[in-house]
Structure formats: structure tokens, C-alpha cells
Amino acid sequence: MQCPNEVFSTIQQCPLLVSKIKTFKEISLDFIAAENNVFHFDASEALEKLFGTAKDTSYPAYLGRRLASLCITLNEHPSIRFQGSSGYAREIATSLHQTLLAYKRTNASFWTYGDDHIHHERERAQILILDRSFDCLSPLMHEYTYQAMANDLLDVNEGVISYKTTNNKGTESEKQGLLNETDEFWVELRHQHIAKVIEVIKDRMNDIIQNNSGAALAKKSGADLDITTMAAAVKKLPEYTQTMTKLGQHVAIAQQCMDAFSKQHLMDLSQIEQTISTGLDEDGK
């Protein structure tokens, strides 16, 4: 968002502060990058402001300006398409378009993909602007991808998850883990159906145990290994341990997701949700 004139004037009126400022730049970061290819505005109030009893008529234009900050950061001036039946979508689209044009007029060095022969790595983007009325049913349905189940059913707070594990002595303990871009298993599996996730984790565990020389070393005394083989295996042990620890975390998380799925009778509930949303039961009636 652009720095308001009144805030800028306040800064100018403070000589001590001005003397300490070497440079002043506005950076278009008015959004949260939740994960690779996913962003949001942390706008939990949006539904109320757009569809609630006390509507905010200025809110659509505000959302358009925030979308513009995203486009500026990505060096995009997209072709804008919006839901024709939605006045909100039209207002947001108009605000986005006007904000981008104004920014380009006042920032001569700003370039966008697909606008000239220099920046042609990709074509000009397209943005689709829809409001919630385009699909009213999805929020009423349980989602069974790994990420959705973990956030719905387990204790996850800003990417930090608390989960329980049991060691080989049967002692249960609670641990915490980070579900973010640094966890390669989470990045790979988070958008897959939970059944697929369990299958992948099982195969990955079996593959590591059967084929990893570090795992073989962990099982053997080492007496029947030559020094070269042993040295190579030892080098793989840290990676093996780290991989198994991370996989073990996802085994525990997936198991607790399925435990909650069973205890909360979500299969029965899901069948009711689908019947309501489609207007047909499992027998087609």
C-alpha cells in the first residue's frame, strides 16, 4: 500500500527523524506468501465486510489495491477477467486496473512480462476475479487433502504442529514440527489426498530401509563390511537419520489425521455433505 500523505507529512515535520533517514522507498509487499504459488491478504474480515449486515462499500477497492501490490511485486500487468454477475468482482477489477495504470505512469522503470521484446520469458498473465457466490458449496464440504486435514483436525498454529509420538519402549511424548517450504515431504505431499499420502510414506519408508547403506550399517555389526564400504555407509548415516526422523514425523501426523477422521465419524458426515451439495444420495435418489 502507498504511504498515506498525512503519514509522510508527519515524517517530514520531524527534523531529527529526517536526519536519520538515508533513503525512503515504498515496497509492494501488501500480502502474505503462505507457500510457493499461494498468497493471501490475512483478511479474515473480508466475508463480513462484503456480505455481512454492516457492509463496507470501500472494501472492494481496497482489495483491488492490494492485488495491485502483488502484481507489481511479480512484474505483471495482467489481463483482468471478472465474474460478470458480481458487483464486487467488477469493483475489485476496476480498482486493480486503475492502480496499476497509476503506478506505471509514476514509475518509468517499472516493466512487466509480455509487454516488450526484452521481458518475454513468459506471456502476459491473466487474473480471474470471482466472489464467494461463484461457489457456495466448497466451504461446506470437508476436504481430505493432507494439508487440509492437518489444519482442520490437528493442533496447527502458523505452520507449527504439535503431535504425539511413541518410542520403541511404548512411551508417548508430544513433539512440535514445522510444516513449511523447508520440509520436502510436506511440500511434495500437502496437496495430495490423505490415502495417497499414506501410500507414498509407506513406500518411501520401505525404500529407505531396504536400499540405504546407512540403514544396513545401522542393522549390522560392521564385521562383514570392508573399510571402503563402511566409510561410504557412515557418510550416509546423518542423512539417513534426518530423513527417517522427518518421515517419522509425517507418519505420526498422518496417523493422527486418520484417528480423528474415525473418531469424529467424518465418513458419515462427508456422505451427508455430498448428498446436500449434489441433491442426490449414494443411490442416485
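Residues numbered from 1 in each chain as written. Predicted model: local features only at pLDDT ≥ 70, side-chain atom pairs only at ≥ 80, totals over all residues. Heavy atoms only, no water.

**Student:** Give me the nonpolar core: which residues, what numbers.
**Tutor:** The biggest cluster of nonpolar side chains holds 27 residues, and the ones touching the most others in it are Tyr-146, Met-149, Ile-194, Ile-253 and Cys-257. Those elements giving two or more residues to this core turn out to be α6 (146-153), β6 (160-166), α7 (184-189), α8 (194-211) and α10 (227-263). Here the element with the most residues in this core is α10; it accounts for 9 residues. Among all residues touching Tyr-146, those that are not within four sequence positions of it are Trp-186, Leu-189, Arg-190, Gln-192, Ile-194, Val-197, His-250, Ile-253 and Ala-254. Listed in part, the 20 residues of the second largest apolar core include Ala-68, Ile-72, Leu-100 and Ile-129. (Core = buried A, V, L, I, M, F, W, Y, C linked by side-chain atoms within 4.5 Å. Buried < 20%, exposed > 50% of the residue type's maximum accessible area, 1.4 Å probe, protein only. Helix = DSSP H or I, 4+ residues; strand = E, 2+ residues; numbered from the N terminus. Contact = heavy atoms within 4.5 Å.)

**Student:** Explain the environment of His-193 residue by residue, including any values.
**Tutor:** Along the polypeptide, His-193 turns up in the loop between α7 and α8. Using a relative accessible area of 46% as the deciding quantity, one classes His-193 as partly exposed. C-alpha separation for the pair His-193 and Met-149, spaced 44 residues apart in sequence, amounts to 9.4 Å. The residues touching His-193, leaving out its near neighbours within four places in the chain, are Tyr-144 and Thr-145. Side-chain polar atoms of His-193 contact the backbone nitrogen of Ala-195, separated by 3.1 Å. (Polar contact = N/O pair within 3.5 Å; in protein donor to acceptor, adjacent residues only side chain to side chain.)

**Student:** Tell me about the sheet that holds strand β5 (residues 155-157), residues and numbers included.
**Tutor:** Strands sit in the order β5-β6-β7 across an open sheet of 3 strands; the sheet is antiparallel. The sheet terminates laterally at β5 and β7 (172-178), the two strands that pair on one side only. Neighbouring strand axes in the sheet, compared pairwise and without regard to direction, differ in orientation by 30° on average. The pairing of β5 with β6 spans 3 bridges and is classified as antiparallel. Its bridge partner being in β6, Asn-157 is matched across the sheet by Val-160. (Pairing = 2+ DSSP bridges. Axes fitted to C-alpha atoms, helices over the stretch in contact; angles between N-to-C directions.)

**Student:** Tell me what's going on with the packing of aromatic side chains, and back it up with residues and numbers.
**Tutor:** A complete count under the given rule lists 9 aromatic pairs for this structure. Between Phe-31 and Phe-39, the ring centres sit 6.3 Å apart and the planes meet at 80°, which makes this aromatic pair edge-to-face. A residue is classified by how much of its surface remains accessible, and Phe-31, at 17% relative accessible area, is buried. The partly exposed category is assigned to Phe-39, whose relative accessible area is 36%. (Phe/Tyr/Trp six-rings, centres within 6.5 Å; stacked < 30°, edge-to-face > 60°.)

**Student:** Tell me what's going on with the layout of surface pockets, and back it up with residues and numbers.
**Tutor:** The calculated volume of the largest pocket comes to roughly 730 Å³. Phe-41, Ala-46, Leu-50, Leu-63 and Leu-130 are, among the 20 residues lining the largest pocket, the residues nearest its centre. Those elements that provide at least two residues to the lining of the largest pocket are β2 (38-40), α3 (46-51), α4 (59-73), α5 (87-106) and β4 (126-129). The dominant element in the lining of the largest pocket, judged by the number of residues it contributes, is α3, at 4 residues. (1 Å grid on protein atoms, 1.4 Å probe; cavity = no way out; pocket = protein on both sides within 12 Å on 5 of 7 lines; lining within 4 Å. Points joined across faces, edges and corners; volume = space filled by probe spheres on them.)

**Student:** An account of the side chain of Glu-35 is needed here, citing residue identities and associated values.
**Tutor:** Inspection of the secondary structure assignment puts Glu-35 in strand β1 (residues 32-35). Using a relative accessible area of 11% as the deciding quantity, one classes Glu-35 as buried. A polar side-chain atom of Glu-35 sits 2.9 Å from a polar atom in the side chain of Gln-147. Here His-191 takes part through its side chain, which lies 2.7 Å from a polar atom of the side chain of Glu-35. When near neighbours in sequence (up to four residues on either side) are disregarded, Glu-35 contacts Gln-147, Glu-181, Arg-190 and His-191.

**Student:** An account of the packing of α4 against α5 is needed here, citing residue identities and associated values.
**Tutor:** Contact geometry for α4 and α5: axes closest at 7 Å, N-to-C directions at 45°. In terms of orientation, α4 lies oblique with respect to α5. With respect to the hand of their crossing, α4 and α5 are arranged in right-handed fashion. Contact residues: α4 offers Pro-60, Ala-61, Leu-63, Gly-64, Arg-65, Leu-67, Ala-68, Cys-71 and Ile-72, while α5 offers Tyr-88, Glu-91, Ile-92, Ser-95, Leu-96, Thr-99, Leu-100 and Tyr-103. For the contact of α4 with α5, a count of residues per class yields 12 nonpolar, 3 polar and 2 charged. (Parallel < 35°, antiparallel > 145°, perpendicular 65-115°, else oblique. Left-handed = near helix turned anticlockwise from the far one by under 90°. Nonpolar A, V, L, I, M, F, W, Y, C, P; charged D, E, K, R; others polar.)

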